[in-house]
Structure formats: C-alpha cells, structure tokens
Amino acid sequence: AQSVSQHNHHVILSEAASLELGCNYSYGGTVNLFWYVQYPGQHLQLLLKYFSGDPLVKGIKGFEAEFIKSKFSFNLRKPSVQWSDTAEYFCAAYSGGYQKVTFGTGTKLQVIP
Amino acid sequence: DTGVSQDPRHKITKRGQNVTFRCDPISEHNRLYWYRQTLGQGPEFLTYFQNEAQLEKSRLLSDRFSAERPKGSFSTLEIQRTEQGDSAMYLCASRSAREDNEQFFGPGTRLTVL
C-alpha cells in the first residue's frame, strides 16, 4: 500500500537553529511530492512541491527539500528557523493519476525565541 | 477572498442526526477533493471530483457518507446517522487541470458528534 511516513512527531528548536524534517514514502514508479504547512488557526498551505527535474526544490519562506529517489525520501530543511515557523508540517505524495494524495501524520515544530 | 471556502466552520450534532457540509472551490478549479483529519493524523483522502463526476471514493467513505458536485462548482458532503467516530475536521481542496499544480485547501469544517 502507498504510504508516507514522518518519523519526527514533535520537534522543539531554538531560533536560528537548523531544521531537518524527515519524510519517507513507499510508492512504485513515478512519485510526486509536497510539503504543506499549517500555522496555528490557519488552513493548510503549500510550502513546496516536486514533480520532476532538479531534485533540490526551493519553496517559500526559505524552506527547501531534496528528493532522494534511492532513499525514498523527501526531507524538508531550513538553515535557520524563526519563531514564526512554529507550525505543523505535512509531507504528502501521489503516484500515477492525481486522484488520491496520501499525507503523513505531520510534525509539530515549536520554535523557542 | 478568492480561496476555497467551507461552511459551516463548526458543527455540533447529536449522534444519529444527519449533517451536510458545503465547499466552494476556487472558481476556475475543476478538481475538488474531500479529506478527513483527526487529531494527530494527517488528512485522509475521502473522495475526488473532476467537474461534476465523482471519480474516486476511499473505502473510508461508508454508505452513510455521500458527496455531490451537481454543477461542477460547489460540493456537498452529507453524513447520515452520525456516529461519535465521525467527529473530525473535514477538509475540502481544489486544484486546476494542470497536472503540476497543487491542491489549495479550505479552512475545514470541524464536526463534533455528541
């Protein structure tokens, strides 16, 4: 079955620390990947997406992710987090027809000033 | 606001009652999705429409759930004979026909079944 795994459920960092959130997927064939963010009290918003091309994808607010096909991973990174990055982050994927997107369980990031 | 809108934002109902939620997608988006999200989980796919056609349904969508998109614009999700296990956030998303476009999510409807 297709699945997306996020192993970090809750991450606490101090401002200016570097961030890496793990995401692994289990899909055969071509896969398309997303990171969404949900700030407190707000709806899900896209951070970045990978469909093809350069495996290093840059998104909004200084976030980036690297697609490593051999490791079935799409980890999210940011070199220096800010308090305003406190949110829940979801990795998502689909393969083949764009009918069903599978989400991971999410990672809650808390940034301490 | 030209984003995806959902109504109501919150719904409290008693077990056994029927509820209906509405989603208005971004106007030029012909694809519409419903998801359910419970505490500590990511959104779980429920169903997908392309224009007015319902093209895929998850096994999560029991016979008590029905979704429609009669004119290919807004969509409704109805839950009949609600159960406490139906308590969740129900999310709607839409996207355009371009294959490399992402889904845009609405704010969700939080359902509480007492």
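One can find the structure itself at the top, above this paragraph.
Residues numbered from 1 in each chain as written. Chains lettered and ligands numbered in written order. Predicted model: local features only at pLDDT ≥ 70, side-chain atom pairs only at ≥ 80, totals over all residues. Heavy atoms only, no water.

1. Quick word on the pattern of salt bridges
Then comes step 1: Applying the stated criterion across every chain, the model contains 8 salt bridges over all chains.
Then comes step 2: For A:Lys78, the salt bridge goes to A:Asp85, with nearest N and O atoms at 2.9 Å.
Then comes step 3: A:Asp85 gets classed as buried once you look at its relative accessible area, which sits at 2%.
Then comes step 4: When the shortest N-O distance is used, the salt bridge between B:Glu83 and B:Arg64 registers 3.4 Å. Here B:Glu83, found in the loop between strand S8 (75–79) and strand S9 (88–95), pairs with B:Arg64, found in the loop between strand S6 (53–57) and strand S7 (65–68); they are 19 residues apart in sequence, far enough to count as distant.
Then comes step 5: The class for B:Glu83 is partly exposed, based on a relative accessible area of 40%. (Salt bridge = Lys/Arg side-chain N within 4 Å of Asp/Glu carboxyl O. Buried < 20%, exposed > 50% of the residue type's maximum accessible area, 1.4 Å probe, protein only. Helix = DSSP H or I, 4+ residues; strand = E, 2+ residues; numbered from the N terminus.)

2. Comments concerning the packing of aromatic side chains
Then comes step 1: Taken as a whole and assessed by the stated rule, the structure comprises 19 aromatic pairs over all chains.
Then comes step 2: Taking the centre distance of 5.4 Å and the plane angle of 40° together, the rings of B:Phe21 and B:Tyr90 count as tilted. Residue B:Phe21 is found in strand S3 (residues 19–24), and its partner B:Tyr90 is found in strand S9; the two are separated by 69 residues along the sequence. Residues B:Phe21 and B:Tyr90 agree in their burial class; the two are buried.
Then comes step 3: Ring geometry for B:Tyr35 versus B:Phe45: centroids 6.1 Å apart, planes at 80°, classification edge-to-face. Highlighted residues: B:Tyr35 in strand S4 (residues 31–37) and B:Phe45 in strand S5 (residues 44–50), separated in sequence by 10 residues. No difference in accessibility class separates B:Tyr35 from B:Phe45, as the two residues are buried.
Then comes step 4: An aromatic cluster of at least three residues, connected via ring pairs, comprises A:Phe34, A:Tyr36, A:Phe51, A:Tyr94, A:Phe103, B:Tyr33, B:Tyr35, B:Phe45, B:Tyr48 and B:Phe105.
Then comes step 5: Above the face of the B:Phe74 ring, B:Arg22 is positioned so that its terminal group lies 3.9 Å from the ring centre. (Phe/Tyr/Trp six-rings, centres within 6.5 Å; stacked < 30°, edge-to-face > 60°. Lys NZ or Arg CZ within 6 Å of the ring centre and 35° of its normal.)

3. Considerations on the interface of chain B and chain A
Then comes step 1: In this assembly, 20 residues from chain B lie in contact with 17 residues from chain A.
Then comes step 2: Both faces combined, the contact of chain B with chain A buries some 1,600 Å², and carbon together with sulfur accounts for 56% of it.
Then comes step 3: Taken as a group, B:Pro43, B:Glu102 and B:Phe105 account for 30% of the area that chain B buries against chain A, more than any other trio of residues on that side.
Then comes step 4: Between chain B and chain A we count 1 salt bridge in total.
Then comes step 5: Close ionic contact of A:Lys49 with B:Glu102 constitutes a salt bridge, the shortest N to O distance being 2.9 Å.
Then comes step 6: The tally of links between chain B and chain A comes to 2 residue pairs in polar contact (both at pLDDT 80 or more). (Contact = heavy atoms within 4.5 Å. Buried area = accessible area lost by both parts, 1.4 Å probe. Polar contact = N/O pair within 3.5 Å; in protein donor to acceptor, adjacent residues only side chain to side chain.)

In short, geometric facts, not functional conclusions.
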